[in-house]
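Coordinate inspection notes
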Amino acid sequence: DTGVSQNPRHKITKRGQNVTFRCDPISEHNRLYWYRQTLGQGPEFLTYFQNEAQLEKSRLLSDRFSAERPKGSFSTLEIQRTEQGDSAMYLCASSLGTGGRNEQFFGPGTRLTVL
Amino acid sequence: AQSVAQPEDQVNVAEGNPLTVKCTYSVSGNPYLFWYVQYPNRGLQFLLKYITGDNLVKGSYGFEAEFNKSQTSFHLKKPSALVSDSALYFCAVRDMLRRTSGTYKYIFGTGTRLKVLA
């Protein structure tokens, strides 16, 4: 257990439905990241928060995706009008400090299946 | 652009034998390199990192990695493999998101599945 939790662990939904995932980072970590991992691939960066501010978004993050981190604590990732191509493992990670020296701690992920 | 490559999709090794999982990198500037392990239906667990200093880095669960600047490699090693080491291993490199705020993301390799045979 890394100290980062994600809920739900699994989500099955029908195409066109909206889904929301939650990430609770390690409490003192001010930096929070979302990644997406598809089968046979390494995780790919989606978005980054420093405290409550969303500072970076990948081109992978279409306008159907939105992420928030109110009050700089937990974060949510919402996907609207899901498509089959959204099926993947969504990973959250958190870290402390600057300069990229400190490793990111990953949660167990939310596996999304879009039927 | 920063990148890492893991040339082997799968590595098989007998229990008790030494193991090596390969990673090569391409970066501009000094590389910050990481190894993570992923067990089925689990997130990634940090094993070790190279930032600066000694080329041989020791990490969790008896793993170590050797940074080789001339060969641009960062291979993961363990002297004696255990069946419980069987998992998916990812190499990653730090990539700058925004210079002004000093923020970074990871770029991961495609992963290497390690199978340790009893």
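Look up a bit, the structure's there.
Let me begin by describing the structure that accompanies this report. A quick note: this is a predicted structure, and the numbers were derived from the prediction, not measured. (Residues numbered from 1 in each chain as written. Chains lettered and ligands numbered in written order. Predicted model: local features only at pLDDT ≥ 70, side-chain atom pairs only at ≥ 80, totals over all residues. Heavy atoms only, no water.)

**Some words on the overall build of chain B**
Quick note on the threshold: Under the DSSP-based scheme used, a helix requires at least four consecutive residues in state H or I and a strand at least two consecutive residues in state E, with every element numbered from the N terminus. In this setup the radius of gyration rests on C-alpha atoms only. A globule is expected at 2.2 Å times the number of residues raised to 0.38. Exposure is judged per residue with a 1.4 Å probe applied to protein chains only, and the accessible area is read against the type maximum: over 50% gives exposed, under 20% gives buried, and values in between give partly exposed. Any pair of residues with heavy atoms lying within 4.5 Å of one another is described as a contacting pair. Under the convention used here, a 1.4 Å probe and the Shrake-Rupley method define accessible areas, while residue burial counts only the protein chains that appear. For the charge count, each Lys or Arg is scored as positive and each Asp or Glu as negative, with His and the chain ends excluded. A charged residue contributes its charge at one atom only: NZ of Lys, CZ of Arg, CG of Asp or CD of Glu.
When helices and strands are tallied, chain B shows zero helices and twelve strands. Along chain B, helices and strands appear, N-terminal first, in the series β-β-β-β-β-β-β-β-β-β-β-β. Its C-alpha atoms give chain B a radius of gyration of 14 Å, within 12% of the compact-globule value 13 Å for 118 residues. Across its three principal axes, chain B shows a C-alpha extent of roughly 50 × 30 × 25 Å. Within chain B, the fraction of its 118 residues that count as buried is 47%. Across chain B, contacts joining residues at least 24 apart in sequence account for 55% of those joining residues at least 6 apart. Entry remark: accessible area of chain B is about 5700 Å², with carbon and sulfur atoms responsible for 47%. Separation of charge centres in chain B, based on 13 positive and 8 negative side chains, amounts to 9 Å.

**As for the nonpolar core**
Residue and element names in this part refer to chain B. As a reminder, the rule being used: Buried Ala, Val, Leu, Ile, Met, Phe, Trp, Tyr and Cys residues that are joined via side-chain atoms within 4.5 Å together make up what is termed a nonpolar core.
Grouped together as the largest cluster of nonpolar side chains are 26 residues, with contacts concentrated most on Trp 35, Leu 47, Leu 48, Phe 74, Leu 76 and Tyr 89. At the level of secondary structure, the elements contributing two or more residues to this core comprise strand S2 (10-14), strand S3 (19-21), strand S5 (33-38), strand S6 (44-50), strand S8 (64-68), strand S9 (73-78), strand S10 (87-98) and strand S12 (112-117). For this core, the element with the most residues is S10, which contributes four residues. Apart from residues lying up to four places away in sequence, Leu 76 is in contact with Leu 19, Thr 20, Val 21, Trp 35, Leu 47, Leu 48, Phe 63, Glu 64, Ala 65 and Tyr 89.

**Points about the sheet that holds strand S1 (residues 5-7) of chain A**
Picture the strands of a sheet paired through backbone hydrogen bonds; they go either parallel or antiparallel. Residue and element names in this part refer to chain A. Condition: Following DSSP output, two strands are said to pair if at least two bridges run between them. Fitted lines through C-alpha atoms give the axes, limited to the stretch in contact for helices. The angle between two N-to-C directions lies from 0 to 180 degrees.
Strand order in the open sheet formed by four strands is S1-S3-S8-S7, with antiparallel pairing between adjacent strands. Whereas interior strands pair on both sides, the edge strands pair on one side only; in this sheet they are S1 and strand S7 (65-68). Each strand axis lies, on average, 15° off the axis of its neighbour in the sheet, ignoring direction. By the bridge criterion, three bridges tie S1 to strand S3 (residues 19-24) in an arrangement that is antiparallel. From the neighbouring strand, Ser 5 faces S3, where its bridge partner is Asp 24.

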